[in-house]
Every structure is written in C-alpha cells, then in structure tokens.
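Residue-level structure breakdown
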Amino acid sequence: MPPNHAARAPGRVVASGAAALTAVLTLAHPAFAHAEVEAGTARALAENVRLTFVSEAESDSAGFTRIRVVLPDGIAPGDIRLTEAPKGWKLKTAADGYTVAGPALKTGVDALHRIKVRQLPDAEQLVFKTVETYSDGEIARWIELPNGSVEPEQPAPVLELNVAGAEAAPGSPDPSSSDTVDTTPAATPAGARSAAKAAATQDDGASTGPLVGSVVVALLVLSGGAWWLSRRRASSDVG
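What counts, and at which threshold
- Residues numbered from 1 in each chain as written.
- Predicted model: local features only at pLDDT ≥ 70, side-chain atom pairs only at ≥ 80, totals over all residues.
- Heavy atoms only, no water.
- Phe/Tyr/Trp six-rings, centres within 6.5 Å; stacked < 30°, edge-to-face > 60°.
- Helix = DSSP H or I, 4+ residues; strand = E, 2+ residues; numbered from the N terminus.
- Buried < 20%, exposed > 50% of the residue type's maximum accessible area, 1.4 Å probe, protein only.
- Pairing = 2+ DSSP bridges.
- Axes fitted to C-alpha atoms, helices over the stretch in contact; angles between N-to-C directions.
- pLDDT = per-residue confidence, 0-100.
- Contact = heavy atoms within 4.5 Å.
- Salt bridge = Lys/Arg side-chain N within 4 Å of Asp/Glu carboxyl O.

**Here we look at the packing of aromatic side chains**
For the coordinates displayed, the defined rule picks out three aromatic pairs. Summarising the aromatic geometry, the rings of Phe53 and Tyr98 are spaced 6.5 Å apart at their centres and angled 75° between planes, so their arrangement reads as edge-to-face. With Phe53 in strand 2 (residues 47–55) and Tyr98 in strand 6 (residues 97–101), the pair connects residues that are 45 residues apart, well separated along the chain. For the pair Phe53 and Tyr98, one class covers both residues: buried. Ring geometry for Phe53 against Phe128: centres 5.3 Å apart, planes inclined by 80°, an arrangement best described as edge-to-face. Residue Phe53 is located in strand 2, and its partner Phe128 is located in the loop between strand 8 (125–127) and strand 9 (129–134); the two are separated by 75 residues in the primary sequence. A relative accessible area of 0% places Phe128 in the buried class. Here the aromatic cluster, defined as three or more aromatic residues joined through ring pairs, consists of Phe53, Tyr98 and Phe128.

The following block contains the structure:
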C-alpha cells in the first residue's frame, strides 16, 4: 500500500465512525425528549410534597399548550394544588387526574409546572402518565410502562419512593382534633338540675309520708281513749 494511502486510512475510519455516531444520535434524538417528575421528598406517606413535572419540547414548529397528567392510585385530584406553571396556565381537575393549559409556549421551550400533594400513598413507585399537546395539534403520549427487559419508546414519568418513616401514617388526623379523654366532670344543665331537684323532693316526700301517717293514727287513738274515759267517769257519777 502506498504511504499516502496508509496515512489516509485512519482518517477514513475516523470519518466513518463519526458519521455513524451522528446517524445514531439523530435516530435516537426523539427518545431524549420526554416527560419527567421529581419530588422534594420522595418518601412514602410524606405529607405536603411538592412535585415538579418537566415536559421537554420536541417540536420544531410549535410550542406546548396543554399538559394532562393521570394521577396514580392513592392521590385524588382534590389532594393537589398548583403552585407553579407557565404564565397564564391554569389547572383543571378531572376524575382521574388534572390538566394544566394556557397560551402556547415558544417553540423549543420546555413546559414546567409544580403541584403540592397533601400526602403521598404508601407505595414503592408512582406512575404519572402524561399527554402533551402542541399548538399545531401534535400530541405526545408518555404513557408506556416497562415490559420486562424491553424499554418503552415513550415511557411514563415514574417517581421512585423511599420506605415510609416509622412515625408516618396514612391520613393522619389533625392534632387539634385528636381523640383524647376528658376527665373533667361535665357541668349539669339547668334543666337537668331542676329535674334532679324535683326528683329529690319527691323522694323526700315519699320517705316522710309513713312517719306523718303514724303520728296521725297515734293522735286519733289517744283522742278516742280520752273520750272513752270521760264517758265512763260520767256514768259512774250518775250511778
């Protein structure tokens, strides 16, 4: 092989490798654009957790106008609150999740929004299926789950959770409404006091009734005896 050909051979190999790498990256580019979710506290049963959702822009001609998220089991639409979103975007809840939508974002601008969740469920991971809509009508569905060793082309955002703390409990009650036993005697209402007084009076009358009757009978007997003695004395005097 001529020397100049030998010198150019490594260059051709490098050029071919670079072209192949460029082709691979070009074909793989759509997989780089996806939806993600992160948590301030990624722990089961954690309360008042802020979740951040990022939808990466993949359209070359349109911007996002709407992001729809399906909530996993254990998180109800009423348990969330929107804390941050693109300017002019509003939250609307549905039976299975929510939507944040508003004026179209500029082409190539990612859509970021944050929600606050009252309490995360007791689970190992949470899946938030996400559907993105662009201003030109294009729709991207990030709803697929891993199937064995096959990686999905449009994976749904997944949040891995740490094990709940020992003190955590699902739906823990408000400390102000905790169940405590009150050992202080309750005050007797006025009506109850009157009824108790009347009952006591009736009891007193029932207990003193027999005593009064006995006294009356004794007086009658004594009066009758005195009258009998006086009649007998009068008869003796006449005789």
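**What about the sheet that holds strand 10 (residues 139–142)?**
Read from one edge to the other, the open sheet built from five strands follows the order 5-6-3-9-10, with strand pairing classed as antiparallel. The open sheet has two edge strands, strand 5 (90–93) and strand 10, and neither has a second partner. Strand-to-strand, the axes of this sheet are offset by a mean angle of 15°, without reference to chain direction. The pairing of strand 3 (residues 64–70) with strand 6 spans five bridges and is antiparallel. Bridge assignment links Arg66 to a residue of strand 6, and that residue is Ala101.

**Considerations on the confidence of the model for the protein**
It should be kept in mind that the predicted coordinates are not to be read in detail where pLDDT is low. Mean pLDDT over the protein: 74, with 57% of residues reaching 70 or higher. Every residue in residues 13–32 scores below 50 in pLDDT, and together they form three contacts with partners more than four places removed in sequence or on other chains. Confidence drops under pLDDT 50 across residues 172–212; counting only partners more than four residues distant or on other chains, this segment forms two contacts.

**Let's talk about the environment of Ala104**
Relative to the helices and strands, Ala104 resides in the loop between strand 6 and strand 7 (111–119). Placed 42 residues apart in sequence, Ala104 and Ala62 show a C-alpha to C-alpha distance of 8.1 Å. Ignoring sequence-local partners within four residues, the contact set of Ala104 consists of Phe64, Thr65 and Ser135.

**Focus on the pattern of salt bridges**
Considering all chains together, one arrives at three salt bridges under this definition. Residue Asp79 is joined to Arg118 by a salt bridge in which the shortest nitrogen-to-oxygen separation is 3.5 Å. On the criterion of sequence distance, the pair formed by Asp79 in the loop between strand 3 and strand 4 (80–84) and Arg118 in strand 7 is long-range, its members being 39 residues apart. By relative accessible area, Arg118 is classed as partly exposed at 43%.

**Describing unusual backbone geometry**
Despite not being glycine, Leu45 has its phi angle at roughly 70°, a positive value. Along the polypeptide, Leu45 turns up in the loop between strand 1 (35–39) and strand 2.

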